[in-house]
Each structure stands twice: as structure tokens, then as C-alpha cells.
Amino acid sequence: MLAGASDVSSHVGRSFSGLRERLRDSTASAHRELDAQLSAFDLTVFSGYRRFLQASAAALLPLETALVEAGIARLFPDWPERSRSAAIVADLGRLGSAVPFTVSVPALTRSGMLGTMYVLEGSRLGAKFLLKTVADAADPRLGEAAAYLNHGTGKRLWQSFLAKLASEEGCEEDEAIDFARIAFAAFERAADRA
Ligand code: HEM
């Protein structure tokens, strides 16, 4: 991604591309693989959608817990608006399920929080598409359990996340990327197991 890169390339200590571009490029293949893996869940039927939510919760809950333990509310004062754990637990409850398992994730550094947030906030973009599939399902129970996929609609949380990422000084970019990969891997392991 070279467009606009000259704006940042002269900035001492900064890599040639912006951090968001580096995160996107470094996780593109993980995103493709996860996308392919998730397409195996049929989101138009009760059991497929429930399994998708179980897999998503199995990664989302421990990642959000790790963020909270690392102090995400200091980095993102609007964290309560961004957290989706309660929404996904409520959806699963409506479908008669608990969270059957969670995957383990490491403790986060400050830069690790940014890499993790990149993955979680980015997943809202995919959720928008998945929501359309769920909304088309003949079974009305699915649409009534879509708080997770609907979460934050209209609040421009992705855009405000990107603004915060761009304004961050002193982020260890390689570390942020490592943790973004770890977050994608958590979703992959959860989808494998669900
Ligand atoms: C089948 C499921 C998914 C589909 C169809 C999907 C689709 C998409 C699409 C279309 C975008 C680009 C949207 C835009 O630029 O406006 C996007 C971005 C993104 N998605 Fe997914 N996604 C899925 C699942 C996920 C999951 C589960 C995660 C993370 C756990 C994720 C992480 C991201 C990230 C980080 C971006 C931002 C990439 C960037 O920097 O531009 N996605 N996704």
C-alpha cells in the first residue's frame, strides 16, 4: 500500500507504511483463512448460527478479558461502548446455549492491546456482511439473537478506532502486529474446535 505513504515515510522512527496498512498486510492471509473457515458455518440455520456464535465467543471473551486486565479503559475511555462480551453471551442465551469453551490467550502489552483492538474492531466490518445473511434466515430466532453482529451499528467505532491508532505515539509496531496475529489465531482455533 504505497498510496499516501510518502506522508509518513519521512517521519524518523516510523516505518514506510502506516501502522494500519502494516496490520492489514500482515494479517491478510490470516483473515482470508478465517473467512474460509467461517464460511463452513451455515448462518441461515439455527445450529450453524449457534456454532458460529459459540466459536466467536470462545475467542472474543478471553481477548476482551485480556484487554481489560491490561488496562484497555485507559487507552480507550469509550471501552464500555466497544465491548461485545455481554452482547454475545446474551445472543447465546437466547439460543439456549452457554459459552461452551474458551481459548487461551496471552497477557497483553500496550502495543499488544492496539494489535488486538485492530482485529476485534475490524471484525465489525465482516459482521455487517454476516448480519445480512442472518437477517435473510427463515428462522426468526436467529434475527432475535443478533446483538453481537449488530453491535455498534451507526456509531462509527471502526473510524474512531483508526483515528486513535493513527494518533498513537510510541507504539511498538512489530509487537502490535504479533498480537494481531495472535488474535486472529485465537479465532481460528476457536472455529476449529466449535
Ligand atoms: C466470514 C466472516 C467475515 C467476512 C465476510 C469479513 C469481511 C470483511 C470485509 C468485507 C472487510 C472490509 C470491509 C471494508 O473495508 O469496509 C473486512 C475487514 C476486516 N475484517 Fe473481516 N470479515 C469476516 C470475519 C472477520 C473476523 C472474524 C475478524 C477478526 C476476528 C475480521 C477482521 C477484520 C479486520 C481486522 C478488517 C480490517 C482490515 C483493514 O484494515 O482494512 N473479519 N472483513
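Residues numbered from 1 in each chain as written. Predicted model: local features only at pLDDT ≥ 70, side-chain atom pairs only at ≥ 80, totals over all residues. Heavy atoms only, no water.

Visitor: Any chance you could explain the site of the ligand here in plain terms?
Guide: Taken together, 17 residues sit near the ligand, with R20, H31, D35, Y118 and G122 positioned nearest. One of the backbone nitrogen or oxygen atoms of G122 is found 3.3 Å away from a nitrogen atom of the ligand. Secondary-structure elements contributing two or more residues to the shell around the ligand are α2 (19-38), α7 (110-135) and α11 (173-193). No other element matches the eight residues that α7 contributes to the shell around the ligand. Across the shell around the ligand, the residue classes tally to ten nonpolar, four polar and three charged. (Near = heavy atom within 4 Å. Polar contact = N/O pair within 3.5 Å; in protein donor to acceptor, adjacent residues only side chain to side chain. Helix = DSSP H or I, 4+ residues; strand = E, 2+ residues; numbered from the N terminus. Nonpolar A, V, L, I, M, F, W, Y, C, P; charged D, E, K, R; others polar.)

Visitor: Please explain the nonpolar core as it appears in this structure.
Guide: Within soluble globular proteins, side chains that are nonpolar tend to cluster in buried spots. Formed by 60 residues in total, the largest nonpolar core has its most connected members in Y49, F52, L53, L67, I72, L149 and F161. Secondary-structure elements contributing two or more residues to this core are α2, α3 (46-70), α4 (72-75), α6 (85-94), α7, α9 (147-150), α10 (157-167) and α11. A per-element tally of this core places α3 first, with 14 residues. Ignoring any residue separated from it by four or fewer positions in sequence, one finds L149 in contact with Y49, F52, A127, L130, L131 and V134. (Core = buried A, V, L, I, M, F, W, Y, C linked by side-chain atoms within 4.5 Å. Buried < 20%, exposed > 50% of the residue type's maximum accessible area, 1.4 Å probe, protein only. Contact = heavy atoms within 4.5 Å.)

Visitor: Got a minute to help me understand the packing of α2 against α11 in this structure?
Guide: Think of two packed helices as two axes; the pair is described by the angle between the axes and how far apart they sit. At their nearest, the axes of α2 and α11 sit 10 Å apart, and the two run at 10° to each other. Taken together, the axis directions place α2 and α11 in an arrangement best described as roughly parallel. Facing α2, whose interface residues are L19, R22, L23, S26, T27, A30, H31, E33, L34, Q37 and L38, α11 presents E173, D174, A176, I177, A180, R181, F184, F187, E188, A191 and D192. Considering only residue class, the contact of α2 with α11 consists of eleven nonpolar, four polar and seven charged. (Axes fitted to C-alpha atoms, helices over the stretch in contact; angles between N-to-C directions. Parallel < 35°, antiparallel > 145°, perpendicular 65-115°, else oblique.)

Visitor: Could you clarify how one ought to interpret the coordination of the iron atom of the ligand in this entry?
Guide: Think of it this way: four donors in a tetrahedron around the metal ideally sit 109.5 degrees apart, and six in an octahedron ideally sit 90 or 180 degrees apart. One donor from the polypeptide reaches the iron atom of the ligand: H31 (NE2), at 2.1 Å. Looking at where H31 falls in the secondary structure, it is placed in helix α2. (Donors = N, O, S within 2.8 Å, 3.2 Å for Na, K, Ca; no water.)

Visitor: What is the right way to look at the environment of Y49 in this model?
Guide: By the element assignment, Y49 lies in helix α3. C-alpha of Y49 to C-alpha of A146: the two residues are 97 residues apart in sequence and 9.9 Å apart in space. Leave out the neighbours within four places in its chain, and Y49 touches D42, L43, D91, L95, V134, L142, A145, A146 and L149.

Visitor: Quick question: what am I supposed to make of the pattern of salt bridges here?
Guide: Under the counting rule described, the total for this entry stands at ten salt bridges. Across the salt bridge formed by R22 and D174, the nearest N and O atoms sit 2.9 Å from each other. In this pair, R22 is assigned in helix α2 and D174 in helix α11, connecting sequence segments 152 residues apart. The closest approach of N and O atoms between E168 and K164, which form a salt bridge, is 3.6 Å. By relative accessible area, E168 is classed as buried at 9%. (Salt bridge = Lys/Arg side-chain N within 4 Å of Asp/Glu carboxyl O.)

Visitor: Help me understand the packing of aromatic side chains in this model?
Guide: Taken as a whole and judged by the stated rule, the model has four aromatic pairs. Judged by centre distance (5.9 Å) and plane angle (25°), the ring pair of F76 and F161 falls under stacked. One end of the pair, F76, is in the loop between α4 and α5 (79-82); the other, F161, is in helix α10, with 85 residues separating them in the sequence. Residue class for F161 comes out buried when judged on its relative accessible area of 0%. (Phe/Tyr/Trp six-rings, centres within 6.5 Å; stacked < 30°, edge-to-face > 60°.)

Visitor: In this structure, what is going on with α10? I would like to understand it.
Guide: Taken residue by residue, α10 has L157, W158, F161, L162 and L165 as its buried positions. Each buried residue of α10 sits inside an arc of 135° when the element is viewed along its axis, so together they form one side. Tucked inside the fold, the buried residues of α10 contact α2, α5 and α7. (Arc of directions from axis to C-beta.)

Visitor: Where do I start with the packing of α3 against α11 in this structure?
Guide: It is the contact of α3 with α11, at a shortest axis distance of 7 Å, that shows an interaxial angle of 145°. Regarding α3 and α11, the two cross each other, and that crossing is right-handed. Facing α3, whose interface residues are A55, S56, A58, A59, L60 and L63, α11 presents A183, A186, F187, A190 and A191. The residue inventory of the contact of α3 with α11, partitioned by class, reads ten nonpolar, one polar and no charged. (Left-handed = near helix turned anticlockwise from the far one by under 90°.)

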